[in-house]
Amino acid sequence: YITIAPASPKTGAATIRALLSDTSNSSLKVKGVYRDLSRVPEEFKSDPRFEAVKGNVEDAASIDFTGSDAVLNITPPLYFDEQDIVKHAHLVSENVKQAVQKAGIKRLVLITSVGAQLESGTVCRNHLSSFCVFRRMLDLFQGEILTNH
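Numbers given for residues are sequential positions, taken from 1 along each chain in its written order. Local features are withheld for residues below a pLDDT of 70 in this predicted model, meaning they are given only at 70 or higher, and side-chain atom pairs are given and counted only at 80 or more; totals for whole chains, interfaces and linings count all residues. Hydrogens and water molecules were not included; the side-chain quantities draw on all heavy atoms of the structure.

Caption draft 1: Layout of the overall build of the chain. The way it works is that DSSP assigns letters per residue, a run of H or I at least four long becomes a helix, a run of E at least two long becomes a strand, and they are numbered from the N terminus. In terms of helices and strands, the chain carries 4 helices and 5 strands. Walking the chain from its N terminus toward its C terminus, one meets helices and strands in the order β-α-β-α-β-β-α-β-α. With a 1.4 Å probe rolled over the protein chains alone, any residue whose accessible area is under 20% of its type maximum counts as buried; one over 50% counts as exposed, and the rest are partly exposed. Within the chain, the fraction of its 149 residues that count as buried is 42%. Contacts in the chain between residues at least 24 apart in sequence constitute 65% of all its contacts with a sequence separation of at least 6. When the accessible surface of the chain is totalled, it reaches about 8,500 Å², and 53% of it is carbon and sulfur. By the convention used here, residues are in contact when the closest approach between their heavy atoms is within 4.5 Å. Each accessible area is a Shrake-Rupley result for a 1.4 Å probe, and residues are judged covered by the shown protein chains and nothing else.

In structure tokens, the structure reads:
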């Protein structure tokens, strides 16, 4: 399995769509992690190579990557201005790190969609915050996952 967590943001859905549309590898299986299973698109549900599982990257106990060969983790955007973007990214990264270690994942891709909820000014307003988030994610995983080839 290639696991996408979380799977409901636009980047997660686009990744799943691209993976499932690749007919060159019939053994490829994709798992999407959703807080709310009612948000799983019908187009994914109908594909036998896809599995939707309940989980929330903000809740460490709900994440299980067992059986996955690789994980794509997307730090989801924040939709409430009162939340601390770096604190939130740290929480998500720490939770994903624990799940990755527990499952023995050897391939991990980290993507941030921090600022994606903004209609404009994302780079100008949030480039430093995004850098801090990504730097923190790298710090959490440094030497444990990223250097395993």
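Caption draft 2: Molecular detail of unusual backbone geometry. Between Ala 5 and the following residue, Pro 6, the backbone shows a cis peptide bond with an omega angle of -10°. Looking at the secondary structure, you find Pro 6 in the loop between strand S1 (2-5) and helix H1 (10-21).

Caption draft 3: Region of the structure containing the confidence of the model for the chain. Every residue is assigned a pLDDT by the predictor, reflecting its confidence on a scale from 0 to 100. Per-residue confidence for the chain gives a mean pLDDT of 79, with 70% of residues at or over 70. Counted against residues more than four places away or in other chains, residues 122-131, with its pLDDT under 50, gives 10 contacts. Contacts for the low-pLDDT stretch residues 143-149, under 50 throughout, to residues beyond four places or in other chains number 10 contacts.

Caption draft 4: Fine view of the pairing of S1. DSSP-based pairing: two strands are paired if at least 2 bridges between them are found. Note: S1 against strand S2 (residues 30-34), 3 bridges, orientation parallel. Counterpart to Thr 3 in the pairing with S2 is Lys 31. Once the chain exits S1 it traverses H1 before rejoining the sheet at S2, and the crossover so formed is right-handed. The sheet contact formed by S1 and strand S4 (residues 70-75) spans 4 bridges and is parallel. Counterpart to Ala 5 in the pairing with S4 is Asn 73. With strands facing away from the observer, any crossover in which the path from the first strand over the helix to the second runs clockwise is taken as right-handed.

Caption draft 5: Examining helix H3 (residues 85-103) more closely. Here, expected helix span is obtained from the residue count minus one, scaled by 1.5 Å. Along its 19 residues, H3 runs 27 Å from first to last C-alpha, staying within 8% of the 27 Å computed at 1.5 Å per residue. Along H3, the residues classified as buried are Ile 85, His 88, Ala 89, Val 92, Ser 93, Asn 95, Val 96, Lys 97, Ala 99 and Val 100. Taken from the residues just after H3, Gly 104 is the one with a positive phi, measuring 70°.

Caption draft 6: Looking closely at the sheet that holds strand S5 (residues 107-112). If you walk across this open sheet you meet the 5 strands as S3-S2-S1-S4-S5, and the pairing is parallel. Every interior strand has two partners, whereas the edge strands, strand S3 (50-54) and S5, have only one. Pairwise comparison of adjacent strand axes, ignoring direction, gives a mean angle of 20° for this sheet. Sheet topology note: the S2/S3 ladder contains 5 bridges and is parallel. Paired with Gly 32 across the bridge in S3 is Ala 52. Only the contacting stretch of a helix is used when fitting its axis, a line to C-alpha atoms as for every element, and angles between N-to-C directions run 0 to 180 degrees.

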